Amino acid sequence: MLGTTTTWATLGAIGMALGTLPPLWGWRTDPDRRTHYLVLAGVTGVAAVAYTLMAFDIGAVSASGRVVSIPRYVDWLITTPLILLFLAMLGETGRGSLLRLIVADVLLLVLGAVAVVIAGPIRWIAFAGGVFAFGVLVYELYGRIPRQATFSNERTRTLFITLRNLTIALWTLYPVVWILAPSGISLLTRDMTMLVIAYLDLISKAAFVALAVDGLATLAEDDAVDSEATPTAD
Ligand code: RET
């Protein structure tokens, strides 16, 4: 059984479940940043459920001779907006930019899923549309948000930049894997694709969440030092 889709999905489920523990701990201990921690727990928590379903091969649909995993795309549709929401919360850039990010994100995922299931060359047009939407998302994260952001302090800005760079670097690999996988030119088998995507998902979710929790904990320590230094200030 080693090396099959089931094995990688099971390992993914375990990794995501473990990755949910640090934000739950933060949620209990830091009442000032409960929403931040809840968003982070959602990222890995939802993925843990999706990977459990995939480990049991639930929700795999065949179309045009290819398999699209419904739990995978539903997971992405819920959790990638949560990742973007967390980044937008750090920058406090307002609703407009969050909306642009989420519309671009949902669009690229829907186009990617459509491109898996439809037949003929038109699927490559859907894929190209997805890549274009990804370009809009990158522009927003690299260009606009850093210009408009009102970071509450330097540490928050650094945390944003670290997490944003990790996100863009890893997300860029997904369309590359899409092309190499059975969805594209079939250079990778279905098992290998599951391994590579599980690995990418673990870094872009569990590692993102771990770094974010660490960053939030440092911000909480700073708050504590500040209030000790100026006990009368609110
Ligand atoms: C697709 C194909 C269409 C073009 C593009 C894609 C990008 C997908 C991305 C997925 C990110 C998923 C993450 C999951 C975390 O667990 C849909 C493959 C651009 C960026 C971060």
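The structure displayed is predicted, hence computed values, not measured ones.

Below, the discussion takes up the packing of helix α1 (residues 5–19) against helix α2 (residues 21–29). For the pair α1 and α2, interaxial distance at closest approach is 4 Å and the crossing angle is 20 degrees. Classified by the interaxial angle, the pair formed by α1 and α2 is roughly parallel. For the pair α1 and α2, the contacting residues are A17, L18 and G19 in the first and L21, P22 and P23 in the second. Residue classes in the contact of α1 with α2 are distributed as 5 nonpolar, 1 polar and no charged.

Residues V61, I70, V74, L77, I78, V106, V110 and V114 make up a contiguous nonpolar surface patch of roughly 550 Å² in combined accessible area. With 4 residues, the single largest contributor to the nonpolar patch is helix α4 (residues 70–91). Turning to its location among the elements, V61 is positioned in strand β1 (residues 60–63). A residue is classified by how much of its surface remains accessible, and V61, at 38% relative accessible area, is partly exposed.

Once that is clear, we can look at the packing of α4 against helix α5 (residues 95–117). Two quantities define a packed helix pair, namely the angle between the helix axes and the distance between the axes. With their axes 10 Å apart at the nearest point, α4 and α5 run at an angle of 160 degrees to one another. With respect to each other, α4 and α5 are oriented roughly antiparallel. Note on packing geometry: the crossing formed by α4 with α5 is right-handed. Contact residues: α4 offers Y73, W76, L77, T80, P81, L84, L85 and A88, while α5 offers L98, L101, I102, D105, V106, L109, G112, A113 and V116. Each residue belonging to the contact of α4 with α5 can be placed in one class, and the counts come to 14 nonpolar, 2 polar and 1 charged.

With 4 bridges connecting them, β1 and strand β2 (residues 66–69) associate as antiparallel partners. The residue bridging S62 from the neighbouring strand is V67, located in β2. Between β1 and β2, which pair antiparallel and follow one another directly, the connecting turn spans 2 residues, one of which, S64, has a positive phi of 50 degrees.

Surrounding the ligand, one finds 15 residues, the nearest of these being W76, L108, W171, D201 and K205. With respect to the ligand, the side chain of D201 contributes an N or O atom lying 3.1 Å from an oxygen atom. In the model, an oxygen atom of the ligand is placed 2.3 Å from a nitrogen or oxygen of the K205 side chain. Comparing atom positions with the cavity grids shows the ligand to sit within the largest pocket. Of all the secondary-structure elements, those providing two or more residues to the shell around the ligand are α4, α5, α6 (122–148), α8 (173–180) and α9 (190–229). Counting residues per element, the shell around the ligand draws most heavily on α6, which supplies 4 residues.

Attention now goes to the UniProt feature "transmembrane region" (unreviewed entry) in the protein. Under the UniProt annotation, the feature "transmembrane region" (unreviewed entry) is placed at residues 6–25, 37–61, 73–91, 98–118, 124–142 and 163–181. Secondary structure over residues 37–61 splits into 76% helix and 8% strand, and the C-alpha atoms at its two ends are 34 Å apart. Spanning residues 73–91, this segment combines 100% helix with 0% strand, and its end C-alpha atoms are found 27 Å apart.

Located in the positive-phi region is D57, a residue other than glycine, with phi close to 55 degrees. Along the chain, D57 turns up in the loop between α3 (34–55) and β1. One non-glycine residue, S186, lies in the positive phi region at around 60 degrees. Relative accessible area serves as the criterion here: at 48%, S186 is assigned to the partly exposed category.

Mapped onto the elements of the fold, K205 is located in helix α9. Polar side-chain contacts of K205 include one of 3.2 Å to the side chain of T79. Among residues more than four places away in sequence, those in contact with K205 are M16, V43, T44, A47, D75, W76, T79 and I83.

All right, on to the layout of surface pockets then. The computed volume of the largest pocket comes to approximately 800 Å³. Contributing to the lining of the largest pocket are 39 residues, with R72, Y73, W76, W178 and I197 lying nearest its centre. Only β2, α4, α5, α6, α8 and α9 provide two or more residues apiece to the lining of the largest pocket. When residues in the lining of the largest pocket are grouped by element, the largest group, 7 residues, is from α9. Looking at side-chain class alone, the lining of the largest pocket contains 23 nonpolar, 9 polar and 7 charged residues. There is about 200 Å³ of room inside the second largest pocket.

Reading the values: rules and limits
Residues numbered from 1 in each chain as written. Predicted model: local features only at pLDDT ≥ 70, side-chain atom pairs only at ≥ 80, totals over all residues. Heavy atoms only, no water. Axes fitted to C-alpha atoms, helices over the stretch in contact; angles between N-to-C directions. Helix = DSSP H or I, 4+ residues; strand = E, 2+ residues; numbered from the N terminus. Parallel < 35°, antiparallel > 145°, perpendicular 65-115°, else oblique. Contact = heavy atoms within 4.5 Å. Nonpolar A, V, L, I, M, F, W, Y, C, P; charged D, E, K, R; others polar. Patch = residues over 30% accessible without salt bridge, like charges linked within 9 Å, V, L, I, M, F, W, Y side chains within 5 Å. Areas by Shrake-Rupley, 256 points an atom, 1.4 Å probe, with all protein chains shown as cover. Salt bridge = Lys/Arg side-chain N within 4 Å of Asp/Glu carboxyl O. Buried < 20%, exposed > 50% of the residue type's maximum accessible area, 1.4 Å probe, protein only. Left-handed = near helix turned anticlockwise from the far one by under 90°. Pairing = 2+ DSSP bridges. Near = heavy atom within 4 Å. Polar contact = N/O pair within 3.5 Å; in protein donor to acceptor, adjacent residues only side chain to side chain. 1 Å grid on protein atoms, 1.4 Å probe; cavity = no way out; pocket = protein on both sides within 12 Å on 5 of 7 lines; lining within 4 Å. Sits in = over half its atoms within 2 Å of the grid points. UniProt positions renumbered as here; feature names shortened; annotations may be inferred. Points joined across faces, edges and corners; volume = space filled by probe spheres on them.

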